[in-house]
Each structure stands twice: as C-alpha cells, then as structure tokens.
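Understanding the architecture of this molecule
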Amino acid sequence: MKEEHEQDHTESVHGREIVRWNPLRTLSDGSQARVDNFGDLLGPLIAQRILWQNNISSGTPDDRRLLTVGSILHFALPNDVVWGSGINGKVPGRKVGSNRLDVRLVRGPRSKSLLQSMGANVPQLYGDPALLIPTLFPEVRAWTEQKTREILVVPNLNDQDLFDDGLPIVSPRNDVWLVVRAIAQSRFVVASSLHALILADALGIPSRAVKPAAEHYTKYMDYYEGTGRTRVQLARNYSEALDLGPTATGTYDIEGIYDSFPLDLWLKNYAVRSPRTAVPPVSELKDIENNIADWESYSGDSSDYVLPALLRRSLGAVAGTSADDGPLSETIRSFIQRMPFESLIPRLNDEEKELLSGLEIKQGALQQVSSS
C-alpha cells in the first residue's frame, strides 16, 4: 500500500477537487478500508450544500483545488485555495505544503501566523467551516430540541481507550449524520474530537475538550483562539472535564465565513468578496504567550519538536522590541531565561541560529530580557 502522503486525499465535487483526510488503512484480515472520521468528511458535504444553495452544479475549467475542513495545510499544493483549514501540530515543523496559496479563511491565528511567516497573504478572518452546519442544514438545529442524553463523549479517532466503556460514547467513525445528531441531542459534550467540539459550539451546546492522546494541542488552541478564547484548559480525563464544566462561549462571524466560500472556483466571473471578521485579532506577543503556556501545560519537554520554532518566535519578539516599547511580558522573559540553549542549538535552523547570535550581541535586548 502507498504511504499515506501519497494516497488520494481528494473528493470531486461538481468538477473541483476538494482535499480531505480520509486514507486507506489495512485491516486485520488484510483488506483495506477508508478511515471515515466524521469531522474529516464534513468539507465536501458543506461545499456541496453551498453550491446547491447557489444553484451551481458544474464549474468552469480550473485546476485549483480547495482545502477546507481539517488540519490539512501540509497537503497544500501551489495555487490551492484555502477555506478554513489549519496547521497540524503532529507534522514535523508544522509545515505547510506551499506558500503560493489563495487563502480566504483559516481556522485560527496559529495557522495564520505560520502561513504569513512563509510569505502567504492571509486575511484577518478566522473560523472552521463546520460552524456553518446548523445554517446549511436546518434539520440539525431542529434535532437540538429533542434531547436524548445529558452527556455525550466523542473521542478523537485514536483516543477511544481514554474513556471507559460505561460512558455514553459515540464513535467518530460512525455515519456522519449519526454523530451530528448524537451531538445535537445532548446537553453537554465531552470530546477529544475537535469537530465534535466545533459542532457543539455551532449548536450552542456546552462542551469541554479533553487532552487527546494522539493529537497535538495546537489545532485545538488554534480553533479556540480563532473564536476569541485565548486561554482554554483541556481536561486530562472525563472526570476532570465534568469538574471544569463548559468552556466559555466563543465568537465567530457566520455570515463572514459563508461569504468567504470560494464560489469563483466554480464560477469564473464571480467577484471575490472582501473578508471581514467579528473576532478580535490576537496580537503577536499574546499569541507567543499562549503558545508558551500551552507548551508548559501539555509538554514541557525540551525534546519537543515545536520548541525551536517557539524559541525563534520569542527571540524575534526580543530582537524586534526596543526599549521604548516597554518590557516584554514575564511569560516570554522567563521562557527565554529557562531555555537550554546549548542543547537546542543543534536543532535550530540557520535563521534561528542567526537570531540567537544577534540577540547575544544586542546587550540592550539581553538586559531587557533579564530585567524584572
């Protein structure tokens, strides 16, 4: 069988290729089957519905692909259109497949920051297209009026062992609409499945995220920060999720997300609308602080591959902050002071080494870092 990155990760919708993660896996009997994780199947369904609402059943010749729901930016090819995708923290270096992208919407500020660092032009509009599910499919909102359970657990694809068999669990590999309906008919959702949490938000259902065993926390924080929640605690287990209770309500621009859908992929002469956002932007320094706090909370390991990039951003913040800008936050200052520079240096790229070298020369900057 081919390696996963070589597999077909696209689905054709009215003549356009939509990227979605759904690889083939070999079963115990030697046969192969698609993973069919419900959240990763939502992108083509959402696109089909929007096209149907706009009476579009075919498109003009266009080789560009659409990347939408999921942490799939590492699958990007030059000239792809991005509508709501995000970075995947499990991919080494959180890489993106290309910087030559037509970006209409990203999941959150962490995805935007990485894309911009690569030179891509990214609008100030955040959101996951799955937030549109109740708008596009009114029957889903109607399901919320018929509650059948107090609590529902939706594990990440690889996390079902985190939860006891006696809990009210629905597998994310069930039929898409079965999972969506189960979420809609619950009063409280506990999940390590990101899209279960997003759907709960979209439907106004209280929820709490559980730290996943097999996923990186980046995608969860990217989504939460993109909806205005700069600090969200991921529970360690089901019991702690109940103790913590619901996460604060987020903010997102449903109309802006809908209007940013790239109809021009199917209609050549369709005018692209200017993006907007109802979500306050996260400043660079605040974003660095959030990333540091997440690393300390969920890893704290000096061998963590995200550490060099986080150190680079912190060093860059120091190098770019003059004495007139005031002192850096205690979070960034303390983080730099505690870094094992000698062990990290072999893992840094040339740009990171140059930043570190430049910082060592700038005594004023060093003094600012060490001052209280």
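Structure: see above.
This write-up is about the structure you can find in this document. None of the values given here were measured: they were computed from a predicted structure. (Residues numbered from 1 in each chain as written. Predicted model: local features only at pLDDT ≥ 70, side-chain atom pairs only at ≥ 80, totals over all residues. Heavy atoms only, no water.)

A few points about the overall build of the chain
Scanning the chain from N- to C-terminus turns up 15 helices and 10 strands. Looking at the chain as a whole, 53% of its 372 residues qualify as buried. Put simply, 62% of the contacts in the chain that link residues at least 6 apart link residues at least 24 apart. When the accessible surface of the chain is totalled, it reaches about 16600 Å², and 47% of it is carbon and sulfur. (Helix = DSSP H or I, 4+ residues; strand = E, 2+ residues; numbered from the N terminus. Buried < 20%, exposed > 50% of the residue type's maximum accessible area, 1.4 Å probe, protein only. Contact = heavy atoms within 4.5 Å. Areas by Shrake-Rupley, 256 points an atom, 1.4 Å probe, with all protein chains shown as cover.)

Remarks on the packing of helix 6 (residues 194–202) against helix 7 (residues 218–226)
The angle between the axes and the distance between the axes are what describe a pair of packed helices. Contact pair helix 6 / helix 7: the axes reach a minimum separation of 11 Å and the direction vectors enclose 15 degrees. Taken together, the axis directions place helix 6 and helix 7 in an arrangement best described as roughly parallel. Here helix 6 and helix 7 pass one another in a crossing that is right-handed. Across from Leu-194, Leu-197, Ile-198 and Asp-201 in helix 6, the residues of helix 7 making contact are Lys-219, Tyr-220, Tyr-223 and Tyr-224. (Axes fitted to C-alpha atoms, helices over the stretch in contact; angles between N-to-C directions. Parallel < 35°, antiparallel > 145°, perpendicular 65-115°, else oblique. Left-handed = near helix turned anticlockwise from the far one by under 90°.)

Structural notes on the nonpolar core
Counting 69 residues, the largest nonpolar core has Trp-83, Val-154, Ile-183 and Phe-261 as its most contacted members. The element that contributes the greatest number of residues to this core is helix 6, accounting for 7 residues. Look past the residues within four positions of Val-154 in its chain and what remains in contact with it is Phe-38, Val-170, Ile-183, Val-189, Val-190, Ala-191, Ser-192, Ser-193 and Ala-196. Counting residues in hydrophobic clusters, the runner-up holds 20 residues, among them Val-19, Val-82, Val-106 and Ala-120. (Core = buried A, V, L, I, M, F, W, Y, C linked by side-chain atoms within 4.5 Å.)

Side note on the sheet that holds strand 10 (residues 207–209)
Reading across from one edge, 8-9-10 is the order of the 3 strands in this open sheet, with parallel pairing throughout. Either end of the sheet is taken by a strand with one partner, and the two such strands are strand 8 (149–154) and strand 10. Within this sheet the neighbouring strands show an average axis-to-axis angle of 15 degrees, counted without direction. By the bridge criterion, 3 bridges tie strand 9 (residues 186–191) to strand 10 in an arrangement that is parallel. Counterpart to Ala-191 in the pairing with strand 10 is Ala-209. (Pairing = 2+ DSSP bridges.)

With respect to the environment of Thr-227
Positionally, Thr-227 belongs in the loop between helix 7 and helix 8 (238–244). Taking relative accessible area as the criterion, Thr-227 reaches 2% and is therefore assigned buried. As a C-alpha pair, Thr-227 and Asp-128 span 99 residues in sequence and 9.4 Å in three-dimensional space.

Let's talk about the packing of helix 2 (residues 109–117) against helix 7
Following both chains from N to C, one finds helix 2 and helix 7 inclined at 105 degrees, their axes separated by 7 Å at the closest point. Classified by the interaxial angle, the pair formed by helix 2 and helix 7 is roughly perpendicular. In this structure, helix 2 contributes Pro-109, Arg-110 and Ser-111 to the contact, and helix 7 contributes Thr-218, Met-221, Asp-222, Glu-225 and Gly-226. Residue classes in the contact of helix 2 with helix 7 are distributed as 2 nonpolar, 3 polar and 3 charged. (Nonpolar A, V, L, I, M, F, W, Y, C, P; charged D, E, K, R; others polar.)

Looking at the sheet that holds strand 7 (residues 102–106)
Read from one edge to the other, the open sheet built from 5 strands follows the order 1-2-5-6-7, with strand pairing classed as mixed. With one partner strand each, in any of the chains shown, strand 1 (10–13) and strand 7 form the two edges of the open sheet. Lying over the sheet, helix 1 (residues 42–53) contacts strand 1, strand 2 (16–19) and strand 6 (81–85), oriented at roughly 10 degrees with respect to strand 1.

Topic: the side chain of Thr-10
In this structure, Thr-10 sits in strand 1. Side-chain polar atoms of Thr-10 contact the side chain of Glu-17, separated by 2.7 Å. Apart from the residues lying within four places of it in its own chain, the contact partners of Thr-10 are Glu-17, Ile-18, Val-19, Arg-20 and Arg-65. (Polar contact = N/O pair within 3.5 Å; in protein donor to acceptor, adjacent residues only side chain to side chain.)

Structural notes on the side chain of Ser-186
Along the polypeptide, Ser-186 turns up in strand 9. Beyond its immediate sequence surroundings of up to four residues, Ser-186 is in contact with Lys-147, Arg-149, Leu-152 and Ile-205.

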